[in-house]
4 protein chains.
Amino acid sequence: MEGWKLLLFLFYLNLVSFTLIVADPPKCPVNIGTECGDGHDSGEWKGEFFPGIPNIKYEDWMRFSVAFWHTFRGTGGDPFGAPTKMWPWEDGTNSLAMAKRRMRANFEFLEKLGVDRWCFHDRDIAPDGNTLQESNSNLDEVVALAKELQGKKIRPLWGTAQLFMHPRYMHGGATSPDLGVYAYAAAQVKKAMEVTHYLGGENYVFWGGREGYQTLLNTDMERELDHMARFFEASIAYKKKIGFNGTLLIEPKPQEPTKHQYDWDAATAANFLRKYGFIDEFKLNIECNHATLSGHSCHHELETARINGLLGNIDANTGDPQIGWDTDQFLMDIGEATLVMLSVVRNGGLAPGGFNFDAKLRRESTYIDDLFIAHVAGMDTLARGLRNVAKLIEDGSLAKLVQKRYQSFDTDLGAEVEAGKANFELLERKAMEWGEPEVLSAKQELAEMIFQSAM
Amino acid sequence: MEGWKLLLFLFYLNLVSFTLIVADPPKCPVNIGTECGDGHDSGEWKGEFFPGIPNIKYEDWMRFSVAFWHTFRGTGGDPFGAPTKMWPWEDGTNSLAMAKRRMRANFEFLEKLGVDRWCFHDRDIAPDGNTLQESNSNLDEVVALAKELQGKKIRPLWGTAQLFMHPRYMHGGATSPDLGVYAYAAAQVKKAMEVTHYLGGENYVFWGGREGYQTLLNTDMERELDHMARFFEASIAYKKKIGFNGTLLIEPKPQEPTKHQYDWDAATAANFLRKYGFIDEFKLNIECNHATLSGHSCHHELETARINGLLGNIDANTGDPQIGWDTDQFLMDIGEATLVMLSVVRNGGLAPGGFNFDAKLRRESTYIDDLFIAHVAGMDTLARGLRNVAKLIEDGSLAKLVQKRYQSFDTDLGAEVEAGKANFELLERKAMEWGEPEVLSAKQELAEMIFQSAM
Amino acid sequence: MEGWKLLLFLFYLNLVSFTLIVADPPKCPVNIGTECGDGHDSGEWKGEFFPGIPNIKYEDWMRFSVAFWHTFRGTGGDPFGAPTKMWPWEDGTNSLAMAKRRMRANFEFLEKLGVDRWCFHDRDIAPDGNTLQESNSNLDEVVALAKELQGKKIRPLWGTAQLFMHPRYMHGGATSPDLGVYAYAAAQVKKAMEVTHYLGGENYVFWGGREGYQTLLNTDMERELDHMARFFEASIAYKKKIGFNGTLLIEPKPQEPTKHQYDWDAATAANFLRKYGFIDEFKLNIECNHATLSGHSCHHELETARINGLLGNIDANTGDPQIGWDTDQFLMDIGEATLVMLSVVRNGGLAPGGFNFDAKLRRESTYIDDLFIAHVAGMDTLARGLRNVAKLIEDGSLAKLVQKRYQSFDTDLGAEVEAGKANFELLERKAMEWGEPEVLSAKQELAEMIFQSAM
Amino acid sequence: MEGWKLLLFLFYLNLVSFTLIVADPPKCPVNIGTECGDGHDSGEWKGEFFPGIPNIKYEDWMRFSVAFWHTFRGTGGDPFGAPTKMWPWEDGTNSLAMAKRRMRANFEFLEKLGVDRWCFHDRDIAPDGNTLQESNSNLDEVVALAKELQGKKIRPLWGTAQLFMHPRYMHGGATSPDLGVYAYAAAQVKKAMEVTHYLGGENYVFWGGREGYQTLLNTDMERELDHMARFFEASIAYKKKIGFNGTLLIEPKPQEPTKHQYDWDAATAANFLRKYGFIDEFKLNIECNHATLSGHSCHHELETARINGLLGNIDANTGDPQIGWDTDQFLMDIGEATLVMLSVVRNGGLAPGGFNFDAKLRRESTYIDDLFIAHVAGMDTLARGLRNVAKLIEDGSLAKLVQKRYQSFDTDLGAEVEAGKANFELLERKAMEWGEPEVLSAKQELAEMIFQSAM
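For chain A, the name recorded in an unreviewed UniProt entry is Xylose isomerase, with Escallonia herrerae as its organism. Among the UniProt annotations of chain A, the heading Subcellular location (unreviewed entry) holds the following wording: "Cytoplasm". Under the Sequence similarities (unreviewed entry) heading, UniProt states for chain A: "Belongs to the xylose isomerase family."

Put into structure tokens, the structure is as follows:
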């Protein structure tokens with residue numbers, strides 16, 4: 001554990017907070033005028049989108065990634081409100097030229113933030129066309145630019161296909177009751193997997209956008225799950241065919257947009273994978289906000305994934321404990337971050353996965369510096385979590401407390417039990433021989449106190 | 001589906017409500033005096049415990065069962081209050097004689113209710129002794145009486161071991177960190193399985209009382225789950241050894257008493273069974289209140305169990321949608337009962353499982369007639385649910401609506417997809433050939449309207 | 001209670017379901033072509049929007065109302081998806097001409113449904129202009145048309161101002177930290193109140209769109225609540241000034257879009273009204289889905305409003321018990337509807353309020369007939385609820401059960417207690433004189449059985 | 001803010017954790033034998049109950065209090081399990097002698113912990129008698145001992161009456177449908193208020209044990225609330241009569257043991273107080289775990305109480321964010337403690353209220369040192385919270401961020417608005433004059449980052 005190079009953002013953070021608290025609103029409205037960059041070439045402007053923001057330095061072993069959709073496609077719209085983000089590089093269109101300018105903003109952002117990975121959906125980065133062929137061609141054009149901008153250092157942590165926004169997917173993609181939609185979804189995943197591979201992506205994610213149901217009254221759940229299995233089977237075959245060695249990741253979520261998402265939580269996804277024989281072909285992408293929506297702590301979901309050999313990636317965000325929907329907030333609770341890092345350390349890290357900031361600015365955070373504040377604070381929080389884990393490990397008392405609780409199994413009979421060699425007759429004999437067991441304190445308050453004292 | 005003999009309690013219910021609304025409190029307090037039964041032989045009194053209650057008639061194919069613990073050991077105590085039930089047959093002790101008198105009350109209750117099945121924990125029916133040997137001997141004595149009282153018609157729907165009440169189990173039984181407790185639990189399950197077998201029980205249940213954790217900080221979840229698997233493995237072996245052919249049932253519950261119960265929900269239990277290779281050795285006992293506590297509808301959990309080939313038994317009760325703990329109320333919502341029966345009918349019934357009334361009188365329901373009202377109303381509600389399912393099936397429009405949604409898969413290509421023969425290349429070709437799919441309405445409101453019109 | 005004219009939709013419903021189950025998707029896409037109506041005059045087409053739908057008959061004393069926003073502005077968009085509703089009268093714009101055509105569709109819908117009331121937000125019915133003046137002028141133009149189309153029979157149940165969609169309201173309206181926004185909101189409410197008055201509206205609603213906070217860290221809650229009080233004070237003054245005699249209604253909601261809405265539930269709103277001295281100037285508009293989101297049953301919120309003398313209107317909808325956000329579904333649960341109607345009957349009806357169908361088609365329900373199915377089923381459900389209440393009242397046993405529980409207060413000493421004349425010394429004397437009270441059963445299961453037997 | 005004397009437990013905590021992690025189970029079982037203290041005089045033993053625990057030093061301005069019920073009457077029993085705490089001073093009885101010995105343990109604990117306040121229910125400290133008179137006499141005897149043991153330094157933070165444990169209170173006390181129970185409750189509160197006064201208690205608490213309902217079907221909520229108001233009215237009169245100057249406190253809780261507790265949350269309690277005219281006679285005792293059960297953050301409830309002029313006392317504990325019942329855990333989250341202390345500082349402290357540790361050891365924490373660990377860690381956490389608040393105040397950037405958001409109201413027109421002098425006509429004029437408001441970022445992420453950087 002020696003040689004840990006912990007990230008120390010604290011000095012930097014103070015600097016940021018000092019400058020940002022007096023920040024003004026963005027000077028450039030939606031329509032890029034002459035005073036914003038060159039202003040003439042809306043399509044291929046290569047100026048600076050984040051003037052006044054210096055490059056941010058830190059160690060990269062956390063494998064942080066920026067989520068293209070939240071950061072560059074998040075509009076601030078919600079079910080009760082119109083968009084609020086008026087980023088200066090946006091021209092109000094969803095054109096191919098706009099997609100390219102947005103991609104340049106992404107790479108400037110990555111560079112200034114010092115982050116080497118990014119995540120995307122196909123439709124985030126390039127506009128839908130009138131046909132699938134046209135959509136694919138749009139995608140190819142933007143991906144070519146991304147490839148160029150990536151250079152040698154930057155690559156996708158993962159890519160995925162957006163199978164939930166378009167009305168055709170309103171009943172799901174792989175679990176749509178309509179064969180035409182199933183085929184369309186397959187074609188889209190095929191292409192998204194190809195471009196992820198082309199860009200050097202390290203993983204490919206299946207988040208079950210609308211794979212689920214709104215009511216069981218109109219749904220044949222069994223048939224839909226069978227279809228989903230066939231879809232995954234075909235994706236495994238295709239991955240191998242094109243030589244893509246990245247990890248396939250399923251991202252559990254309990255609800256939203258559907259009442260019931262088929263990949264409810266880590267255990268549900270694991271059951272699905274085992275039932276259909278895919279347990280060795282997939283890992284899980286655990287999102288903290290999804291974890292809490294499913295009634296679990298994030299730490300529980302991470303541990304469940306880890307124990308099942310499935311912890312592949314983390315969508316680093318958090319929810320609001322009083323809110324029943326996915327708020328995708330930046331994780332800023334240090335205790336929570338410490339628990340997350342505990343699992344990561346036990347897992348021996350996440351590579352080839354990493355931490356994707358699947359988090360969005362609040363609708364009311366509308367300045368460009370808010371994008372930086374949020375990402376920097378998110379990274380800092382995880383870094384402080386890691387530092388706390390280091391302290392806990394060095395201190396050793398928490399591990400000792402746990403080890404002591406189980407010491408009766410670190411015996412000959414314990415080993416026999418754990419090897420499956422102790423039948424009920426033997427155990428009954430022992431129980432009668434030993435008499436009433438002495439019951440030891442679980443010392444939960446002590447464990448909590450040790451944990452908090454590392455904060 | 002022809003020849004459905006539906007239960008018609010309605011006339012009876014009116015009768016009951018007429019008489020019960022004017023009912024007086026029980027005349028006989030805890031200490032059985034001379035005016036209550038013979039009053040002299042506290043141990044072996046064989047009088048009538050429910051005077052004035054006639055026998056209740058209905059068809060038995062629902063396989064209803066009375067839960068001994070709620071009905072005969074429920075005291076009305078809660079975390080903020082002392083016992084409130086002062087049943088006249090109780091003498092305030094937990095003696096062996098009291099256990100026998102209670103067993104007689106159980107059989108009078110079953111007979112008057114016309115129910116042929118009952119469920120029990122070992123420690124419900126016989127008192128703990130000072131040693132395991134003495135506890136076993138107490139159990140044998142009460143079981144012998146039960147065997148006699150059962151006669152030819154009555155038998156346990158299932159039996160189980162109570163591994164959660166005694167302080168020794170405060171950290172769990174099969175997942176206790178203490179090997180001594182593990183062995184003790186094994187001995188207790190061994191014996192409980194033997195007596196269930198002896199009494200002709202049709203199933204044996206594992207409800208994971210305290211198999212779970214209060215905090216991950218002091219817990220080695222992986223090791224505990226491994227222990228649980230070894231425990232189950234030993235139980236399978238023992239079941240075979242003694243020739244017990246009943247079904248082994250796991251009863252999922254998400255929380256309570258622990259923060260996290262290892263058998264969280266149906267999918268979690270299924271994953272566990274698959275991971276350790278027991279998927280063919282167990283079924284599930286789904287409890288509606290546990291389902292809703294885990295964030296699912298009861299119907300969802302039943303369908304998940306059914307689809308995984310695991311629907312074995314139902315603990316018929318309900319929770320309060322605004323309450324976050326297990327209230328174990330009698331199910332009296334007819335819509336909910338209809339959904340439950342939909343799954344049962346799809347499953348081709350539950351046998352050798354059935355419906356166990358794992359429901360308790362409210363703490364404030366303290367009259368003997370309340371015990372009857374609750375059970376009769378519970379049975380009536382499920383009977384009305386079954387009648388509604390019959391109506392829905394006869395009407396056919398709900399089934400037609402569902403069938404129509406999936407009709408695109410009832411084609412040659414659909415069959416190929418479902419057989420796993422359609423790869424991504426083929427599907428992409430089809431998607432391009434077909435163009436934009438027409439998207440059909442899911443008709444959820446219509447489905448709900450059809451459903452409600454059967455009520 | 002005699003002479004109840006209950007609504008009997010059942011026959012009609014069967015008819016509807018027979019025809020609708022085989023319905024085809026709408027023939028006319030977004031762009032109105034020649035085969036859809038006249039097709040030439042996109043702005044002022046006066047053809048039939050719902051061909052093939054006959055007029056629907058029923059008694060009007062329930063005072064049903066159609067919510068313009070869900071029915072005519074609901075697009076099917078959600079945070080994860082694009083619009084799905086392609087109503088044939090929409091041309092894809094938000095023009096004034098489109099607003100007028102939409103208004104005609106509204107009145108055809110009302111007429112065919114046989115409903116005489118409608119509810120609206122200012123910005124639902126007319127587009128925002130570039131200035132407040134222009135917005136007002138747009139509104140005037142559409143309102144003039146609505147006035148004409150209303151004729152003598154139809155009028156608004158209530159109107160309101162939309163203070164949540166536009167980015168200027170992202171921090172709230174009356175509770176925005178920005179005085180400019182506060183003034184803008186005041187101007188908008190002033191105008192909305194004027195047009196509601198002009199159209200003969202019977203109530204004016206304040207739903208606190210974004211009056212609340214996202215985090216207390218950046219919020220001065222006390223100051224914001226004071227501002228809200230000043231805003232309401234000004235609205236009361238203005239209402240009197242223009243001679244508007246309708247009821248002012250506050251609509252509680254606990255969360256969404258903000259983390260905490262200031263009008264959390266009925267009791268919170270009542271406390272606010274009392275604190276600032278407005279308790280006699282407002283009533284409440286209770287929405288069932290908001291009730292359940294706040295942790296209460298809908299029945300509880302209705303009773304709380306009623307007991308505080310504040311039950312003014314009901315937004316008739318329902319949520320999903322497993323979902324933590326506002327789903328605004330059509331209420332189709334008959335038990336729930338019966339509880340709602342129990343409160344309405346106890347309140348002596350709702351007039352001048354009524355039942356507004358603040359419910360939206362599921363995103364996946366995309367056919368025009370779905371609009372009718374949902375509203376008809378919603379009305380039918382409440383009608384069946386009312387019929388059940390009549391049965392319960394005629395039967396009388398539930399009322400008798402309740403009355404009997406409190407009979408000890410129907411005595412001389414009980415009257416003294418209720419008149420505030422029994423001090424602790426007197427009560428202590430009585431307690432000592434009487435000794436241990438006999439404790440009676442609450443008979444909850446019996447009450448539930450009686451309730452269900454009326455279904 | 002200068003001269004803050006912050007509590008520094010950290011060194012001490014390390015010491016404690018070092019010694020406690022290797023602690024053994026308690027040596028003395030329930031039956032006090034000769035090797036435990038003198039062993040001969042079970043009733044009046046005056047030895048040391050916590051040998052080996054030194055006195056703990058800290059500043060007292062936090063006004064900490066130990067809750068007698070959790071610490072000395074908590075048995076570890078739960079709905080699924082028997083008691084687990086085998087404190088060596090307990091003899092297994094509920095005798096008067098036992099009550100006295102327990103009281104001595106309480107004062108030794110207070111002294112060793114260095115805490116000067118304690119809280120109690122009447123029935124915690126003295127056993128129920130066969131009659132009210134006998135119960136009162138038992139209480140007098142124990143109270144006399146407590147008075148003696150208190151000396152000059154120690155006194156109750158508050159006292160209260162236990163109106164929920166005995167079956168007579170199963171339908172409530174002040175809201176029981178039975179007049180006899182109402183009178184009994186009045187007599188008990190009268191006495192409890194007397195002894196609280198006698199002991200120098202600084203507050204008297206009403207926690208609505210079972211004041212609420214299990215189902216509205218059998219409940220007349222309006223009548224019950226009226227009764228509760230009459231009960232409170234009588235308590236105010238009696239308080240004045242006996243010259244008790246302590247604060248009367250209502251403790252909100254949303255649920256448990258009833259489905260709906262009448263004092264649901266701070267706003268609900270405030271509405272009740274205002275409706276019946278008691279708003280100046282009561283304050284609130286906010287419990288964090290109750291806050292989160294009601295769907296609010298603890299900080300929200302504290303602020304709501306403060307803004308309504310009602311923040312009187314804090315029951316310092318916490319819940320588990322994934323658990324739907326009252327877990328009453330010791331608060332060990334430093335972020336949460338910082339938010340709590342923010343409200344306390346804004347309130348100018350809590351005196352004559354304070355922090356009562358209404359928190360219980362986990363059922364599985366069964367050693368005596370666990371009692372100390374939990375209380376010390378609880379105090380330390382709040383102390384660290386206070387230190388963080390000091391940091392935030394000294395830094396000033398959070399306050400500045402908030403102040404800046406509202407600066408538009410710090411103008412002449414803002415002052416007019418806040419004085420209620422700006423009518424709708426004026427505001428409309430201003431809105432038209434000003435045009436579209438510039439909308440500022442809420443900077444939530446920055447606020448969170450500043451907050452976390454103080455941790």
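A. Here's a closer look at helix 10 (residues 298-307) of chain A. Residue and element names in this part refer to chain A. Counting buried positions along helix 10 yields ten of ten residues, so the element is predominantly enclosed. Those residues of helix 10 not exposed but buried are Cys-298, His-299, His-300, Glu-301, Leu-302, Glu-303, Thr-304, Ala-305, Arg-306 and Ile-307. A positive phi of about 70° marks Gly-309, the residue just after helix 10.

B. Region of interest: the interface of chain D and chain C. Taken together, the 98 residues of chain D in the interface contact 96 residues of chain C. A buried area of about 8600 Å², summed over both sides, lies between chain D and chain C, and 64% of it is on carbon and sulfur atoms. Summed over the shared surface of chain D and chain C, the result is twelve salt bridges. If you tally residues by element for the side of chain D that touches chain C, the top one is helix 7 (residues 221-242) of chain D, at twelve residues. Considered class by class, the residues forming the side of chain D that touches chain C number 44 nonpolar, 30 polar and 24 charged.

C. Geometry of helix 11 (residues 334-346) of chain B. Residues and elements named next belong to chain B. Taking 1.5 Å of rise per residue, the 13 residues of helix 11 would be expected to cover 18 Å, and the 18 Å separating its terminal C-alpha atoms lies within 8% of that figure. A large share of helix 11 lies buried, amounting to ten of its 13 residues. Burial in helix 11 covers these residues: Ile-334, Gly-335, Ala-337, Thr-338, Leu-339, Val-340, Met-341, Leu-342, Ser-343 and Val-344. Capping of helix 11 at its N-terminal end is provided by Asp-333; its side-chain oxygen lies 3.1 Å from the backbone amide nitrogen of Gly-335. Where helix 11 terminates, the next one or two residues include Gly-348, which has phi positive at roughly 70°.

D. A look at the relation of the copies chain D and chain C. Each copy superposes on the other: chain D lies on chain C with an RMSD of 0.0 Å after a rotation of 180° and an axial shift of 0.0 Å. The superposition operator between the copies reduces to a two-fold rotation axis. Scanning chain D for the C-alpha nearest the rotation axis identifies Asn271(D), at a separation of 2.1 Å. Same-surface contact between copies: 98% of interface residues of chain D are shared with the interface of chain C.

Cut-offs and rules
Residues numbered from 1 in each chain as written. Chains lettered and ligands numbered in written order. Predicted model: local features only at pLDDT ≥ 70, side-chain atom pairs only at ≥ 80, totals over all residues. Heavy atoms only, no water. UniProt positions renumbered as here; feature names shortened; annotations may be inferred. Buried < 20%, exposed > 50% of the residue type's maximum accessible area, 1.4 Å probe, protein only. Helix = DSSP H or I, 4+ residues; strand = E, 2+ residues; numbered from the N terminus. Contact = heavy atoms within 4.5 Å. Buried area = accessible area lost by both parts, 1.4 Å probe. Salt bridge = Lys/Arg side-chain N within 4 Å of Asp/Glu carboxyl O. Nonpolar A, V, L, I, M, F, W, Y, C, P; charged D, E, K, R; others polar. Expected span 1.5 Å × (residues − 1). Polar contact = N/O pair within 3.5 Å; in protein donor to acceptor, adjacent residues only side chain to side chain. Least-squares fit on C-alpha atoms with pLDDT ≥ 70 in both.

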